[in-house]
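So you can see what is in the structure, the chains are spelled out below.
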Amino acid sequence: MQANSKQHFNILIFGASYGSLLASKLALAGHNATLVCLPAEVELINSVGTRVRLPVKGRDALVEIDSRNLPGRINAATPENVTSANFDLVVLAMQEPQYGATDVSDLLEAVAIQQIPTMSIMNMPPLPYLHRIPGINANDYVECYTAHKVWDQFDPRFMTLCSPDAQAFRPPEEGVNVLQVRLPTNFKAARFESEEHTKMLRQIAADIEAVRFDVDGKKIELPVKLKIFESVFVPLAKWSMLMTGNYRCITSKGIRPIKDAVHSDMKASQVTYDWVGDLCVSLGAEPKDLVPFEKYAAAANGLANPSSAARALYGGAKNIERVDKLVQSIAKHKGMHLSIIDDVVTLVNTQLEKNQAQ
């Protein structure tokens, strides 16, 4: 493996599941990552490392990245055992409701107070990032968050958002240190307000781009890159995908795969996708900031499982990320309305009420 890093960064990642994908890419590029996670995950990761398996174009078998063999280091720690001041960058890779846990929120507060540059790879944009979007008053949307007070100490200048387009899952037959990538697309991050912090992201992105991984004696390029954009709207392109696919996995009869949610009624899917895109444009996005429906629909063909939000909802979760509610609420403030979105929000509300009553 080769990396061109001139400076090694220490990066703290909240969440060891999806977070291990970015951690592996960082360690491949020579940077060090610490995963904040549960005690059982900490013990396993620190004893045998992480494994990330991903498809590579032109190869039949998945390529496995074993953290024990990387230039950079990946380790894990519980929140109370982390000293946040030791890190150059923080990445948020947990589900939004999880930040309400006391030990997690205490660490997050320390990150905010110390003004450590923070990049979210959540589907739900952190409230401080909403403050960076012209045309949005973030204070209007606190009810869309399970634990909105955890964001109170953040200065929006130190928060950015990354669209987590890559799809991955933990194989149920494997240990919690194993992640398998289903759709190996890129992380697309908006710049920080500060040029200094943005320069760090650009360096990390370049280091990841430069990596060549040894497979069977050949050095190959691996997918899933980090791309940095000037526009704060680029990460919002994920909203159309989430509302067309992920949240429409939820039906009155249960859940369905993302592929079926998108392709069973392509007319409704395109209406939903374009409407959310129009909402982003009404906030100030340029069409070039967004992803064409045809490209998303093609990618959805490979998503044969229900979304994590749908699985959690029907698995009894008392709270899930409410991008559906956030999109609906922002649209209302812009005088926009779509019955498909309203139906999704109603379905989620109803199932959450059932879960919370148990």
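Before any of the text, the structure's been laid out above.
What counts and what doesn't
- Residues numbered from 1 in each chain as written.
- Predicted model: local features only at pLDDT ≥ 70, side-chain atom pairs only at ≥ 80, totals over all residues.
- Heavy atoms only, no water.
- Axes fitted to C-alpha atoms, helices over the stretch in contact; angles between N-to-C directions.
- Helix = DSSP H or I, 4+ residues; strand = E, 2+ residues; numbered from the N terminus.
- Parallel < 35°, antiparallel > 145°, perpendicular 65-115°, else oblique.
- Left-handed = near helix turned anticlockwise from the far one by under 90°.
- Contact = heavy atoms within 4.5 Å.
- Buried < 20%, exposed > 50% of the residue type's maximum accessible area, 1.4 Å probe, protein only.
- Pairing = 2+ DSSP bridges.
- Arc of directions from axis to C-beta.
- Core = buried A, V, L, I, M, F, W, Y, C linked by side-chain atoms within 4.5 Å.

A.B. asks: Tell me what's going on with the packing of helix α6 (residues 237–246) against helix α11 (residues 323–333), and back it up with residues and numbers.
C.D. replies: Where α6 meets α11, the closest approach of the two axes is 10 Å, and the angle between their N-to-C directions is 115°. Classified by the angle between their axes, α6 and α11 sit roughly perpendicular to one another. Seen along the crossing, α6 lies across α11 with a hand that is left-handed. Within the contact between the two elements, α6 uses W239, L242 and M243 and α11 uses V323, D324, L326, V327 and I330.

A.B. asks: Which residues make up the pairing of strand β11 (residues 187–190), and what values go with them?
C.D. replies: Both faces of β11 are covered, namely the face carrying F187 and A189 and the face carrying K188 and A190. One ladder, built from three bridges, connects strand β8 (residues 159–164) with β11; its direction is antiparallel. Within β11, the residue paired with P164 across the bridge is F187.

A.B. asks: Please give an account of helix α9 (residues 293–300) that cites residues and values.
C.D. replies: Taken together, the buried positions of α9 are F293, Y296, A297 and A300. For α9, the buried positions fall inside an angular range of 100° around the axis, keeping them on one side. For α9, exposure combined with an orientation more than 90 degrees from the buried face picks out E294 and K295. Elements in contact with the buried residues of α9: α6, α7 (258–263) and α8 (266–283).

A.B. asks: Lay out the nonpolar core with the relevant residues and their values.
C.D. replies: Core analysis: the largest hydrophobic core is formed by 78 residues, its most contacted members being F14, L92, Y99, W151, W239, Y247 and L326. By residue number, the principal contributor to this core is α8, which donates six residues. With sequence-adjacent residues up to four places away left out, W151 is seen in contact with L92, Y99, L108, M122, P126, L127, P128, Y145 and M159. Grouped together as the second largest cluster of nonpolar side chains are 49 residues, I13, I65, L201 and V211 included.

A.B. asks: Mind laying out the environment of I136, listing which residues take part and the relevant values?
C.D. replies: Within the secondary structure layout, I136 lies in the loop between α4 (127–130) and β8. It is 27 Å that separates the C-alpha atoms of I136 and I13, two residues lying 123 residues apart in sequence. When sequence neighbours within four positions are dropped, the list of residues in contact with I136 reads L130, Y141, L283 and I330.

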